[in-house]
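Close look at the chain arrangement
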Amino acid sequence: MSVVLWYTRYVSTRTIALTLRPDAAQATALERLTCQFNAACSSIAGVAWEHREFNAYRLQRLVYGDVRTRFGLLAQHTIRAIKVVADSYKADKTHRHEFQATAAVVLDTPRLYRLRSSLASIATLDGRLWVPLAIGGKQREQLAGAVKLAEADLIRDEKGRWRLL
């Protein structure tokens, strides 16, 4: 007789706030990405509401080509925008959703962002940027202990600092 033991390993998800230090040109590229991504989300939300189509895969068929053309987003940015809209309607289907121009941009790894020691690589509409990180020992320790990096939100906080969450 053999005995099989099953171990359940709980994996916790933690948010690590990383401060970016873009130069002027990089900050402009990040602003442009944020505006275009959120304008695309608002447009996608309008189509979703009009067609009452809140499934990400079916919504993708409706909007993908138009969004790429109109907003100049990369393929993966477009897919993330569609998913953001579908997820927002999953939470609330009572009204048409609008996205503020300054809302978060959802980035997945490794296509849209990567981290290397003191740099973050972010895919923007103006190409891939290598933006310096201003992080301390605690964040480095958390990153070193991370099993896997998940998607990240690119935001600009109330003090005007660019952050990856």
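Attention here is on the structure that accompanies the text. (Residues numbered from 1 in each chain as written. Predicted model: local features only at pLDDT ≥ 70, side-chain atom pairs only at ≥ 80, totals over all residues. Heavy atoms only, no water.)

**Some thoughts on the overall build of the protein**
The helix and strand tally for the protein stands at 4 helices and 7 strands. Principal-axis analysis of the C-alpha atoms gives the protein an extent of 60 × 55 × 25 Å. Every one of the 165 residues in the protein was classed for burial, and the buried ones make up 38%. In the structure as shown, the protein presents an accessible area of about 10,200 Å², 52% of it carried by carbon and sulfur atoms. (Helix = DSSP H or I, 4+ residues; strand = E, 2+ residues; numbered from the N terminus. Buried < 20%, exposed > 50% of the residue type's maximum accessible area, 1.4 Å probe, protein only. Areas by Shrake-Rupley, 256 points an atom, 1.4 Å probe, with all protein chains shown as cover.)

**Quick look at the nonpolar core**
Counting residues in hydrophobic clusters, the biggest one holds 40 residues, and the most contacted among them are Leu-20, Ile-44, Val-85, Leu-107, Leu-154 and Leu-164. With 10 residues, the single largest contributor to this core is helix H1 (residues 24-51). (Core = buried A, V, L, I, M, F, W, Y, C linked by side-chain atoms within 4.5 Å.)

**Description of the pairing of strand E6 (residues 152-156)**
Examined bridge by bridge, strand E2 (residues 105-107) and E6 share 3 bridges and lie antiparallel to one another. Across the sheet, Val-106 pairs through a bridge with Asp-153, a residue of E6. The loop that links E6 with its antiparallel partner strand E7 (residues 162-164) comprises 5 residues; one of these, Gly-160, has a positive phi angle of about 90°. (Pairing = 2+ DSSP bridges.)

**Focus on the packing of aromatic side chains**
Here the structure, examined in full by the defined rule, presents 2 aromatic pairs. With a centroid separation of 6.2 Å and 15° between ring planes, the pair formed by Trp-49 and Tyr-89 is classed as stacked. With a gap of 40 residues between them, Trp-49 in helix H1 and Tyr-89 in helix H3 (residues 75-91) connect regions that are remote in the sequence. Using a relative accessible area of 0% as the deciding quantity, one classes Tyr-89 as buried. Considering the side-chain rings of Phe-54 and Tyr-89, the 4.6 Å spacing of their centres and the 35° angle between planes classify their relative orientation as tilted. Taken together, the residues Phe-54 in the loop between H1 and helix H2 (56-71) and Tyr-89 in helix H3 connect sequence positions 35 residues apart. Residue classification places Phe-54 among the buried positions, given a relative accessible area of 16%. (Phe/Tyr/Trp six-rings, centres within 6.5 Å; stacked < 30°, edge-to-face > 60°.)

**With respect to the state of the cysteines**
The full count for this structure, using the stated rule, is 0 disulfides. Between Cys-35, a free cysteine, and Cys-41, which holds the nearest cysteine sulfur, the sulfur-to-sulfur gap is 12 Å. Residue class for Cys-35 comes out partly exposed when judged on its relative accessible area of 38%. The class for Cys-41 is buried, based on a relative accessible area of 0%. (Disulfide = S-S within 2.5 Å.)

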